[in-house]
Each structure stands twice: as C-alpha cells, then as structure tokens.
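# Examining the three-dimensional arrangement
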Amino acid sequence: MNKTLILIFTVMATLSGFAQTFEGKIFYANTFKSKNEKMTDQQWLSMMGSTQEYLIKNGNYKSISNGTVFQWQLYVNSDNKLYNKMSHSETVFWNDTSRQDDEVLTVEMNKGVTKILGYTCDEIILTCKSGIQKYYFNAVLAVDPTVFTNHQYGNWFAYLSKSHALPLKSIIETPQFIMESTATAVKPMTLDKSIFDLPTGIKTAKSPY
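Below, the structure is looked at part by part. In this text the structure is predicted, and so the values were computed from the model without any measurement.

### A short note on the overall build of the chain
Helix and strand counts for the chain stand at three helices and twelve strands. On C-alpha atoms alone, the chain measures out to a radius of gyration of 16 Å, which is about the 17 Å that the 2.2 N^0.38 rule sets for 209 residues. Structurally, the chain occupies a C-alpha span of about 40 × 40 × 30 Å along its principal axes. In the chain, buried positions account for 47% of the 209 residues. Of the roughly 9600 Å² of accessible surface on the chain, a fraction of 51% belongs to carbon and sulfur atoms. If you average the places of the 20 positive and of the 18 negative side-chain charges in the chain, the two averages end up 2 Å apart.

Written out as structure tokens, the structure reads:
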C-alpha cells in the first residue's frame, strides 16, 4: 500500500523552447473512488488528503497534503531522489526516480477538451500497465521536460515529454483506487530555494518499495 501512496503523488504529483517556466504554487482538490473492498472512498480521502499544495522551482518540487498518513513529498533534482514523509514514521524514505517500475503502453492526445480555472486544456491519456492516467493541461504552466529527463518514476517524464506543462487536472487509476485531482488556484510567485531543502537533522533511508 505504501508503494501506491508514493506513486500516486508522484504522478500528481512531478521551458527553454516554450512559454516562461512556471514557478509558484498550485492548489488541488482531491477525490477518491475505492477499488478495494476493504477501503471506502472516505478512508482513502482521509489517508491521502482532500487537498494538496504543490510548489515548483528550477526542477525541484514539493507536495504537501492534509492526509492523515501521507504528509509531504519532495523531489530534489540534483540527486534525482523523491523523498516521502508518512505520519507513522520519523524517517523520510526516498526513491531513485531514474527507476521505472511501470510501462506506458499507448499515448493519446486530445485538443481543447475542457476548461479549468478559465484555461482551455488539452488531454493526454497514458494507458499503462498500472492503469489509465489522464492529464489536462495548458501552456500557462509550462515546464521544460528535459529538466526531468531522469524522472522516469511514476511516468512523470513520459507525461511531461508530451505536454511540456504541469497538469491542471489528473485522473489516475491504480489497482487500489481512482484519484481525481483538480486545480483550485494557481499562484505564480518567486519561491525561496530553501523550501526544497530537507528538514535539518531528519533521518532518511532508501524506500523498500
């Protein structure tokens, strides 16, 4: 289950030739539909969080959740590691994001399918071994995919290489649940680089998942 928790926020989780690189915060609202008979929709929502604050700057990103289990996730571009903090452990576990344990089978692109926060969004559908991943994006949240070339984990580069932008909405299917995450606010701003530092003195270890 911990592997599922990590992956789901990675895909939500996650510039040179396009619009100006987006730097700032995106706020998302989440919903869950359980596929596990032992877990309700509300239990997943409580564990994973109904809201997410996503911060990004210069290829580093941090995601903060109000979940009772999943607390935050930090990607440090310079060492290509994704750090995950769970409420039940003082240790922060990291994953090597050059490792890919999924496979994208097909990619479908659809133009102008919906509007989110007033932005007309294209759709990318990734059919993966792990399930279907749908992303809705606009160039206002432009990203240079080459910055994330080594971020194979969670199919993040596979998505960015096609979209060149962060998602305003995503619908992610896993064997455990379907998560829908929709942006409620976008705030371009200059962020202090210290936001993307690990807390001083915190213990880290390689994730077993």
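Alright, that's what it looks like, and here's the rest.
### Observations concerning unusual backbone geometry
Not every positive phi belongs to a glycine, and Leu117 is a case in point at roughly 55°. On the secondary structure map, Leu117 appears in the loop between β7 (104-116) and β8 (119-128). For His164, which is not glycine, the phi dihedral falls at a positive 55°. With respect to the helices and strands, His164 occurs in the loop between α3 (156-163) and β10 (165-173).

Each value, and the rule that gives it
- Residues numbered from 1 in each chain as written.
- Predicted model: local features only at pLDDT ≥ 70, side-chain atom pairs only at ≥ 80, totals over all residues.
- Heavy atoms only, no water.
- Helix = DSSP H or I, 4+ residues; strand = E, 2+ residues; numbered from the N terminus.
- Rg over C-alpha atoms; globule rule 2.2 N^0.38 Å.
- Buried < 20%, exposed > 50% of the residue type's maximum accessible area, 1.4 Å probe, protein only.
- Areas by Shrake-Rupley, 256 points an atom, 1.4 Å probe, with all protein chains shown as cover.
- Lys, Arg positive; Asp, Glu negative; His and termini not counted.
- Charge placed at Lys NZ, Arg CZ, Asp CG, Glu CD.

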